[in-house]
Amino acid sequence: MSADARGEATPRWLRWALPAAVFIGTLLAWELLVRARDIAHYILPAPSLILSTLAANFGSLALAWWFTIKITFGALLLAAAGGVLLAGVFALSRTVELALVPYAVVLQVTPIVAIAPLILIYVDSTTAALLICAWIVAFFPILSNTVIGLRAADANLRDLFRLYRATPWQRLRLLRLPAALPYFVAGLKISGGLSLIGAVTAEMVAGAAGRETGLASRILEASFRTETPKMFAALALLVATGVGIFWAFNALSRWLLGPWHASESSRPL
């Protein structure tokens, strides 16, 4: 019987070694395929060429990378602050929730590529327009998850707070917010990737050029010049950013929830 079947925890080293081995194996297979088939670099560059291109163009790509990171985390910070604040208001007032939820849903279901051109028209600053676009994409998951969490408090505890005549603010601060923390962290995990996607998508729509632009602009510029290795180099930085965001919020989840919440149990499902 396997360790998973017996309910034993997966060894820590295996959690890192297995994905790393698969990733390295994929890169090796990619390299061998390109070399064996003699595929032209403008069609599919080999990982070694992508790495050398990244090293050769790292100066310009790093500036664009930093711009994308600023837009991504700025939008995520605004989405987290606004989502938690509005979720708290919804928890305290059902009337406000009924009045404002339709607008939140409209923002969520409207494709960002459809409204990004309008935002770029109405907002003078391209950077601010990109920030708004990324915020729109990242906002709803945090709001929705936090509202669900605020309502997930144990019914017996809610009765106890009512018995002791706790004020709405006391119920929110001492009961509902701790219950909502796992849901909020889950929303952060989702919105972290979405904010990056929103920032890149908005910049693709904007077609911005110049120094204050992100990796999406570098990809567009490289595509116009048929510089496929440079496109892959910029894409590699985007992928690395997304993976870094995912692992960062996984670590945050373990730190906040690991000592007490079942979702961060070391045992497999």
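Throughout what follows, the structure given in this document is the object of discussion. The structure displayed is predicted, hence computed values, not measured ones.

Some details on the overall build of the protein chain
So, point 1. Across its full length, the protein chain carries ten helices and zero strands.
So, point 2. When its helices and strands are written in sequence order, the protein chain yields α-α-α-α-α-α-α-α-α-α.
So, point 3. For the protein chain, the C-alpha atoms occupy an extent of roughly 75 × 60 × 25 Å along the three principal directions.
So, point 4. Nonlocal contacts in the protein chain, meaning residues at least 24 apart in sequence, comprise 72% of its contacts between residues at least 6 apart.
So, point 5. Considering the protein chain, the positive charge centre built from 21 side chains and the negative charge centre built from 13 side chains are found 9 Å apart.

Some remarks on the packing of aromatic side chains
How two aromatic rings sit relative to each other is given by the distance of their centres and the angle of their planes.
So, point 1. Summed over the entire model, instances satisfying the criterion amount to four aromatic pairs.
So, point 2. With 5.5 Å between their ring centres and 75 degrees between their planes, F246 and W247 make a pair best called edge-to-face.
So, point 3. An aromatic cluster of three or more residues is present, and its members are W16, F246 and W247.

A word on helix α2 (residues 47-56)
So, point 1. What α2 keeps buried is the set P47, I50, T53 and L54. One face of α2 carries all of its buried residues, which in axial projection span an arc of 120 degrees. For α2, the exposed residues lying more than 90 degrees away from the buried face are A55 and A56.
So, point 2. Residues of α2 that are buried make contact with α1 (12-37), α3 (58-92) and α10 (228-257).

As for the side chain of R218
So, point 1. By secondary structure assignment, the location of R218 is in helix α9 (residues 215-224).
So, point 2. Side chain to side chain, R218 and T213 meet in a polar contact 3.1 Å long.

Notes on the nonpolar core
So, point 1. With 20 residues, the main nonpolar core has I142, L143, F184 and L188 as its most contacted residues.
So, point 2. Listed by contribution, the elements that provide at least two residues to this core are α3, α6 (126-150), α8 (168-206) and α10.
So, point 3. Counting residues per element, this core draws most heavily on α6, at six residues.
So, point 4. In this view, I142 contacts L76, A79, A80, G83, V84, F184, G187, L188 and S191; residues no more than four positions away in its chain are not counted.
So, point 5. Of all hydrophobic cores here, the second largest spans 15 residues; its members include I115, C133, A199 and A202.

What about unusual backbone geometry?
So, point 1. For R165, which is not glycine, the phi dihedral falls at a positive 55 degrees.
So, point 2. Since its relative accessible area comes to 76%, R165 is described here as exposed.
So, point 3. Unlike most non-glycine residues, T226 shows phi in positive territory, near 55 degrees.
So, point 4. Along the chain, the position of T226 falls in the loop between α9 and α10.

Definitions and cut-offs
Residues numbered from 1 in each chain as written. Predicted model: local features only at pLDDT ≥ 70, side-chain atom pairs only at ≥ 80, totals over all residues. Heavy atoms only, no water. Helix = DSSP H or I, 4+ residues; strand = E, 2+ residues; numbered from the N terminus. Contact = heavy atoms within 4.5 Å. Lys, Arg positive; Asp, Glu negative; His and termini not counted. Charge placed at Lys NZ, Arg CZ, Asp CG, Glu CD. Phe/Tyr/Trp six-rings, centres within 6.5 Å; stacked < 30°, edge-to-face > 60°. Buried < 20%, exposed > 50% of the residue type's maximum accessible area, 1.4 Å probe, protein only. Arc of directions from axis to C-beta. Polar contact = N/O pair within 3.5 Å; in protein donor to acceptor, adjacent residues only side chain to side chain. Core = buried A, V, L, I, M, F, W, Y, C linked by side-chain atoms within 4.5 Å.

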